[in-house]
Amino acid sequence: MSNLEIRPLSGTMGAEIFGADVSGGVAPSVVEAIEATLFEYGVVAIREQKLDHRSQVEFGRMLGELDIHPIANGMADYPEMIRVLKPAGESAFFGTGWHSDNSFFERPSAITVLYADKVPPVGGDTLFASMERSYAALSPIMRTFVDSLSAVHSASEAYDPRTTGDAKYKGETAITYAYSDAIYEEVTHPVVRTHPVTGRKSLYVNPMFTQRIEGLGEAESRKLLELLHEHNARPDLTCRLRWEAGTLALWDNRIVQHYALDDYQAFERVMYRVTVKGERPI
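A few points on the structure. What you are looking at is a predicted structure, and each value in this text was computed from that prediction instead of being measured.

This part is about the nonpolar core. Counting 30 residues, the largest nonpolar core has Phe-59, Leu-248 and Leu-250 as the members making the most contacts within it. Secondary structure elements with two or more residues in this core: helix 1 (28–41), strand 3 (43–46), helix 2 (53–63), strand 5 (109–118), strand 13 (248–252) and strand 15 (269–277). The greatest single-element share of this core, amounting to 6 residues, is contributed by helix 1. Phe-59 has contacts with Val-22, Val-26, Ile-34, Val-113, Leu-248 and Leu-250, leaving out every residue within four places of it along the chain. Grouped together as the second largest cluster of nonpolar side chains are 29 residues, Ala-116, Tyr-159, Ile-175 and Met-271 included.

In structure tokens:
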């Protein structure tokens, strides 16, 4: 642990970690130090890694059980892993909007582990926003109000072939999807969730997957979600991660949202993602 160097990414959240090698045989004390840093900063970028698929999956399993995504297809040899390929000359479509990974799961993904294999010379950064800081920045009256609410999450808007196009479901795109009941299923989570390790509260609504607030009228729900989404994206609550080949990023979906920027259409980017199964939000 004493060999790890931590460099904050912003004054609010996020950190880079130097001095760790997670390619194999990672000591439990190092994993604990990485997790502790993750829970403190929300997102960490471990630089200068050389990972193959097996070592990334094995590292992910040290953090917990891995998800198999019900819609986005995993790799043949590693179904837990999604190849996040953006070909040169195309626009990105995966993760290009504020969201918390897989909040439409009954047990949403706790931690995302994303490895950068090939990155553009410029562009393709990822923005992160702290939902702990966002909750704390609400007025006391608003915190009391949202503490009592629950929201419905669904993948229907993000993955419905009628809106996203059916090419992804026909295997004609770089990232392909599979038809699944999970596209249209709905799940209810609290608007404010408590972290199972730190005990801190975070807002847990996002514009990609949160459909409505339970118990409110349609207009009330829409306006409240618009207010919270705008509040969550305040620049002073964010950090920006600039990718380098060999960067392994981890983020805690229970306390952050992220937004993958699509500003590198001329270039190819290749990433590999696994997610760690979480608990039912409370």
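Right, let's get into the side chain of Glu-80. Structurally, Glu-80 can be placed in the loop between helix 2 and strand 4 (82–86). Looking at Glu-80, the relative accessible area reads 15%, which means it is buried.

Let us now look at the environment of Glu-106. Residue placement: Glu-106 occurs in the loop between strand 4 and strand 5. Beyond its immediate sequence surroundings of up to four residues, Glu-106 is in contact with Val-187, His-189, Arg-280 and Pro-281. Of note is the side chain of Glu-106, whose polar atom sits 3.1 Å from the side chain of Arg-280.

Right, let's get into the sheet that holds strand 6 (residues 126–130). Backbone hydrogen bonds are what pair the strands of a sheet, in a parallel or an antiparallel way. Pairing within the open sheet is antiparallel, and its 3 strands lie in the order 12-6-14. Each edge of the open sheet carries a strand with a single partner, namely strand 12 (238–241) and strand 14 (256–260). Within the sheet, the average angular offset between the axes of one strand and its neighbour, ignoring direction, is 20°. The sheet contact formed by strand 6 and strand 14 spans 5 bridges and is antiparallel. Its bridge partner being in strand 14, Ser-130 is matched across the sheet by Val-256.

Criteria and thresholds
Residues numbered from 1 in each chain as written. Predicted model: local features only at pLDDT ≥ 70, side-chain atom pairs only at ≥ 80, totals over all residues. Heavy atoms only, no water. Core = buried A, V, L, I, M, F, W, Y, C linked by side-chain atoms within 4.5 Å. Buried < 20%, exposed > 50% of the residue type's maximum accessible area, 1.4 Å probe, protein only. Helix = DSSP H or I, 4+ residues; strand = E, 2+ residues; numbered from the N terminus. Contact = heavy atoms within 4.5 Å. Polar contact = N/O pair within 3.5 Å; in protein donor to acceptor, adjacent residues only side chain to side chain. Pairing = 2+ DSSP bridges. Axes fitted to C-alpha atoms, helices over the stretch in contact; angles between N-to-C directions.

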